[in-house]
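A structural walkthrough
Listed below, chain by chain, are the residues.
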There are 2 protein chains.
Amino acid sequence: MEKFEQLSDLVMPIRDDLLSGAAEIALRAITIFQTVMNNDGLSVNELKERIVQTARALVEAQPAMAPLFHLSNMVLQATEGATTIDEIQKQCQAALDKFERTLCDSVAAIADLVFDLIPPGELIFAYSFSSTVVSCLLNARAKGRYFRVACTEARPAMEGRKLAARLAAGGIEVIHTFDNALGLILPNCSTAFMGCDCVGIPGVVNKVGSWAMAVACRELGIPLYALSGTEKFVGDDRLFEFEKHERPDNEVWDNVPKGVRVLNHQFELVPFGLLSGLVTDHGILREQDIDKYVSKLEVHEALKLEPVTF
Amino acid sequence: MEKFEQLSDLVMPIRDDLLSGAAEIALRAITIFQTVMNNDGLSVNELKERIVQTARALVEAQPAMAPLFHLSNMVLQATEGATTIDEIQKQCQAALDKFERTLCDSVAAIADLVFDLIPPGELIFAYSFSSTVVSCLLNARAKGRYFRVACTEARPAMEGRKLAARLAAGGIEVIHTFDNALGLILPNCSTAFMGCDCVGIPGVVNKVGSWAMAVACRELGIPLYALSGTEKFVGDDRLFEFEKHERPDNEVWDNVPKGVRVLNHQFELVPFGLLSGLVTDHGILREQDIDKYVSKLEVHEALKLEPVTF
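Residue indices begin from 1 for each chain and proceed along its sequence in written order. For this description, chains carry letters from A and ligands carry numbers from 1, given in the order in which they are written. Given that this is a predicted model, residues contribute local features only at a pLDDT of at least 70 and side-chain atom pairs are listed and counted only at 80 or more, while totals for whole chains, interfaces and linings are drawn from all residues. Side-chain metrics rest on all non-hydrogen atoms present in the structure, leaving aside hydrogens and water.

1. Describing the pairing of strand E3 (residues 174–177) of chain A
Residue and element names in this part refer to chain A. Our working definition: Buried means the residue's accessible area, taken with a 1.4 Å probe over protein chains only, is under 20% of the maximum for its type, while exposed means over 50%, and partly exposed covers the values in between. Strands are runs of DSSP state E lasting at least 2 residues, helices are runs of H or I lasting at least 4, and numbering of each runs from the N terminus. Paired strands, in this sense, are two strands between which DSSP finds at least two bridges. Look down the strands so they point away from you; if the path from the first strand over the helix to the second goes clockwise, the crossover is right-handed.
A two-sided burial pattern is seen for E3, the buried positions comprising Val174 and His176 on one face and Ile175 and Thr177 on the other. Bridge analysis of strand E2 (residues 148–152) against E3 gives 4 bridges, and the strand direction is parallel. Looking across to E3, one finds that Val149 is bridged to Val174. Following the backbone out of E2, through helix H7 (residues 159–169) and into the adjacent parallel E3, one traces a crossover that is right-handed.

This is how it looks when you write it as structure tokens:
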């Protein structure tokens, strides 16, 4: 099978995006599948093979971001039985539309729940950048709830600045500081929210810094909610894929001196024990509720992980 | 009394130094007193007034750094009874020499205790920049103890990079990451050390980020020791002077968007309850030991804080 040359160019912006949340990136992946689908002159098998390659490349590009996995999985399942080019295109588009609808419905359901979790007139804390968190906070503001938001930079990519700017543009007053100033700002906050990239039985995976924030919230008795559509739920095998994701050291420190090794990982696990709840499109879930959603997931053959062999 | 014009130029490098620890800065303040003392053509009263102005300016420049306060206090007390220029100069120099000796003896005593707290072959954590911590770790390495050090940047001034570079230059292998990656690196560490800027009955004051690090250490069961000569001990009134020390917001974020307020403080309090011990030149102290040292402190009239009035 010929190699699909365009693919790495198509996927590169997704791999290199350190500022966007998982839901936001999944919406951009929809247009990549549409581009792939509109290539003329391919046989049915060639087009199917391109879909498989695209799905794998997207999942590989951001291994911590479950929505990319589910989108790819849905497209593969939807197109598997198709026997003509036209059928593949129609079924792919139907899967993409369904996924986009699910994402939007899911955010709307979460936003309704979050509204009731924001104490009027208080300062609340939000970490990293999550389009779900932004949508929920802007929705609450639009519905007339008044509150302020504190957030930190989220080094090294500084997506916390994106969060601050987006909320301020939406009319929310923001207090911003550096990441290690948690001890200065958190004691003034009454509730904290974080997005997440994927959810499994052991906990939620989110941007590095979430664990320290969660530990600090518990120390101060501040409730912490992770916001996540159930399209972010994955099995335990896939949950730990985020550990693969090491980034270049010069993103942290240019010209590292001899004898110093730089560690630059993007994601980490926050155990359920540190969360007050997981706010989803199926209500506010606790640890024991997750298994029900995870055990039902069906993974297409092309996306199954190879078992580790010793 | 004429205003001492040179003074702000002399003190500015100390006010603007965001990278050095308190002991290191106090050593540099010694040369400022020497400069002030060598001005010719002043009367006894004029020279004494300059000493008072210098002492106040140094304490004001870095209100969290107790060694600057003690150095200034010692110089004021030593020169108070002097009746000639020559006597002022001699007694000032004697106070400066004594202070420098105390600092050095104190670090040597602390280094002996720290040696026994470093588990051989392990990774240890160190936060921010402290010349005491650097001296103790380099001393242990020189005495043949093998260990590696993990540290983080300490945004916004990045004095963690200075720590990393200094330790690496001294032959210690360093692992460096960004501040919010505590959750990735701390679980691999067996002990943690921090310097401090001042110590009082409620706890130790150190660079912002120390509190979150201390909370994370406790969560993971990692012993955390603060290193401090007893020349950093102060009364409760002075302990909270660090709260005055707000820095410009552009050190955190240039071009802050409208609607975003930036918080940039340098220091914070770590309560004793979060420390495993305070390693001093008088042994490893616990919370109940501090009062004995603090209650004996005599403060010169010129450095007494005005009581807050309502």
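2. Remarks on the interface of chain A and chain B
What counts here: Contact definition: two residues touch when any of their heavy atoms are within 4.5 Å. Note on definitions: buried area is the accessible-area loss of two parts on being combined, 1.4 Å probe, summed for both. The salt bridge definition used is simple: a Lys or Arg side-chain nitrogen within 4 Å of an Asp or Glu carboxyl oxygen. Here a polar contact is recorded for every N or O atom pair within 3.5 Å, except that within protein the pair must consist of a potential hydrogen donor and a potential acceptor, and residues adjacent in sequence are included only if both atoms are side-chain atoms.
On the side of chain B, 47 residues touch chain A, which itself brings 47 residues to the contact. Each partner contributes to the roughly 3,700 Å² buried at the junction of chain A and chain B, and carbon and sulfur atoms together form 66% of this total. Here chain A and chain B share 4 salt bridges between them. At the surface where chain A touches chain B, the tally comes to 24 residue pairs in polar contact (both at pLDDT 80 or more). Secondary structure elements with two or more residues in the side of chain A that touches chain B: H7, E3, helix H8 (182–185), helix H9 (210–220), strand E8 (260–262) and strand E9 (267–271) of chain A.

3. Let's talk about the sheet that holds strand E5 (residues 198–200) of chain B
All names here are of chain B. We apply this condition: To get an axis, a line is fitted to the C-alpha atoms, and for a helix only the part in contact is used. The angle between two axes follows their N-to-C directions and goes from 0 to 180 degrees.
Within the open sheet, the 3 strands sit side by side as E5-E6-E9. Their pairing is antiparallel. Pairing within the sheet leaves two strands with one partner each, and these edge strands are E5 and strand E9 (267–271). Going from strand to strand, the sheet's axes swing by 25 degrees on average, the running direction of each strand aside. Of the pairings in the sheet, the one linking E5 to strand E6 (residues 203–207) comprises 3 bridges and is antiparallel in character. Along E6, the bridge assignment pairs Cys198 with Val205. Together, E6 and E9 form the strand contacts of helix H9 (residues 210–220), whose direction differs from that of E9 by roughly 30 degrees.

4. So, the relation of the copies chain A and chain B
Related by rotation about an axis and a shift along that axis, the two copies of the chain form a pair. Here is the rule: Here the copies were fitted onto each other by least squares, based on C-alpha atoms from residues at pLDDT of at least 70 in both.
Least-squares fitting of chain A to chain B yields an RMSD of 0.0 Å, with the superposition described by an axial translation of 0.0 Å and a rotation of 180 degrees. A rotation of that kind, with that shift, is consistent with a two-fold axis. A share of 100% of interface residues in chain A that are also interface residues in chain B marks the association as one of identical surfaces.

5. Remarks on the sheet that holds E8 of chain A
Strand order in the open sheet formed by 8 strands is E8(A)-E3(B)-E2(B)-E1(B)-E4(B)-E7(B)-E10(B)-E11(B), and the pairing between neighbours is mixed. Because the sheet does not close on itself, it has two edges, and the strands there are E8 of chain A together with strand E11 (283–285) of chain B. On average, each strand axis in the sheet is inclined to that of its neighbour by 30 degrees, with strand direction left out of account. Pairing of E8 of chain A with strand E3 (residues 174–177) of chain B involves 3 bridges; the strand directions are parallel. Along E3 of chain B, the bridge assignment pairs Val262 of chain A with His176 of chain B. Strands in contact with helix H5 (residues 85–117) of chain B are strand E4 (191–194), strand E7 (224–227), strand E10 (277–280) and E11 of chain B; relative to E10 of chain B, the strand with the most contacts, it is inclined by about 135 degrees. Packing against the sheet, helix H6 (residues 131–142) of chain B makes contact with strand E1 (123–127), strand E2 (148–152), E4 and E7 of chain B, and its axis sits at approximately 110 degrees to E7 of chain B.

6. Quick look at the environment of Thr84 of chain A
With respect to the secondary-structure elements, Thr84 of chain A resides in the loop between helix H4 (66–79) and helix H5 (85–117). The partly exposed category is assigned to Thr84 of chain A, whose relative accessible area is 36%.

7. Description of unusual backbone geometry
Residues and elements named next belong to chain A. Here the residue pair Arg155 and Pro156 is connected by a cis peptide bond, since its omega of -5 degrees sits within 30 degrees of zero. The topology assignment puts Pro156 in the loop between E2 and H7. Phi is positive for Ala154, which is not a glycine, with a value near 65 degrees. Its place among the elements puts Ala154 in the loop between E2 and H7.

8. Some words on the side chain of Ser210 of chain A
With respect to the helices, strands and loops of the structure, Ser210 of chain A is situated in helix H9. Ser210 of chain A sits in the buried class, given a relative accessible area of 0%.

9. Side note on the pairing of strand E1 (residues 123–127) of chain A
Residue and element names in this part refer to chain A. For E1, the buried fraction is high: 5 of the 5 residues fall into the buried class. When E1 meets E2, the two strands line up parallel, connected through 3 bridges. Considered in E2, the bridge of Leu123 is made with Arg148. Once the chain exits E1 it traverses helix H6 (residues 131–142) before rejoining the sheet at E2, and the crossover so formed is right-handed. In this structure, E1 lies alongside strand E4 (residues 191–194), joined through 4 bridges in parallel fashion. Each residue of the ladder has a partner; that of Ile124, found in E4, is Thr191.

10. Looking at helix H2 (residues 22–37) of chain B
All names here are of chain B. Selection criterion: One fewer than the residue count of a helix, multiplied by 1.5 Å, yields its expected span.
Between its first and last C-alpha, H2 extends 23 Å over 16 residues, near the 22 Å set by a 1.5 Å rise per residue. Here H2 has its buried residues at Ala22, Ala23, Glu24, Ile25, Ala26, Ala29, Ile30, Ile32, Phe33, Val36 and Met37. Of the surrounding elements, those touching the buried residues of H2 are helix H1 (7–15), helix H3 (44–61), helix H4 (66–79), H5, H6 and helix H7 (159–169).

11. Thoughts on the packing of aromatic side chains
All names here are of chain A. Rules: Here a Phe, Tyr or Trp ring, Trp counted by its six-membered ring, pairs with any other such ring whose centre lies within 6.5 Å, and the pair is stacked when the planes are under 30 degrees apart, edge-to-face when over 60, and tilted otherwise.
Under the defined criterion, the tally for this structure stands at 6 aromatic pairs over all chains. A centroid spacing of 5.5 Å and a plane angle of 85 degrees characterise the contact between Phe233 and Tyr293, whose relative ring orientation is edge-to-face. Of this pair, Phe233 sits in the loop between strand E7 (224–227) and helix H10 (236–239) while Tyr293 sits in helix H11 (residues 290–294); the two residues are 60 residues apart in sequence, bridging distant segments of the chain. Residues Phe233 and Tyr293 agree in their burial class; the two are buried.

12. Thoughts on the packing of H2 of chain B against H5 of chain B
Residue and element names in this part refer to chain B. Quick note on the threshold: Convention used here: angles under 35 degrees read as roughly parallel, angles over 145 as roughly antiparallel, angles from 65 to 115 as roughly perpendicular, and any remaining angle as oblique. By the convention adopted, Pro, Cys, Tyr, Trp, Phe, Met, Ile, Leu, Val and Ala count as nonpolar, Lys, Arg, Asp and Glu as charged, and the other residues, Gly among them, as polar.
It is the contact of H2 with H5, at a shortest axis distance of 11 Å, that shows an interaxial angle of 170 degrees. As judged from the angle between their axes, H2 and H5 are roughly antiparallel. Between H2 and H5, the residues in contact are Ala23, Ala26, Leu27, Ile30, Phe33, Gln34 and Met37 and Ile88, Gln89, Cys92, Gln93, Leu96, Phe99, Glu100 and Leu103, respectively. Classifying every residue of the contact of H2 with H5 gives 11 nonpolar, 3 polar and 1 charged.

13. Things to note about the environment of Asp236 of chain B
Along the chain, Asp236 of chain B turns up in helix H10 (residues 236–239). Separated by 37 residues in sequence, Asp236 of chain B and Val199 of chain B have C-alpha atoms that sit 9.1 Å apart.

14. Regarding the pattern of salt bridges
For the structure on display, the rule yields 24 salt bridges over all chains. Measuring nitrogen to oxygen at the nearest pair gives 2.3 Å for the salt bridge that ties Glu219 of chain B to Arg218 of chain A. Here Glu219 of chain B, found in helix H9, pairs with Arg218 of chain A, found in helix H9, and the two come from separate chains. A residue is classified by how much of its surface remains accessible, and Glu219 of chain B, at 34% relative accessible area, is partly exposed. We classify Arg218 of chain A as partly exposed; its relative accessible area is 44%. Through salt bridges with shared partners, a single network forms among Glu24, Lys162 and Arg166 of chain A.

By themselves, these observations are geometric and do not establish any function.
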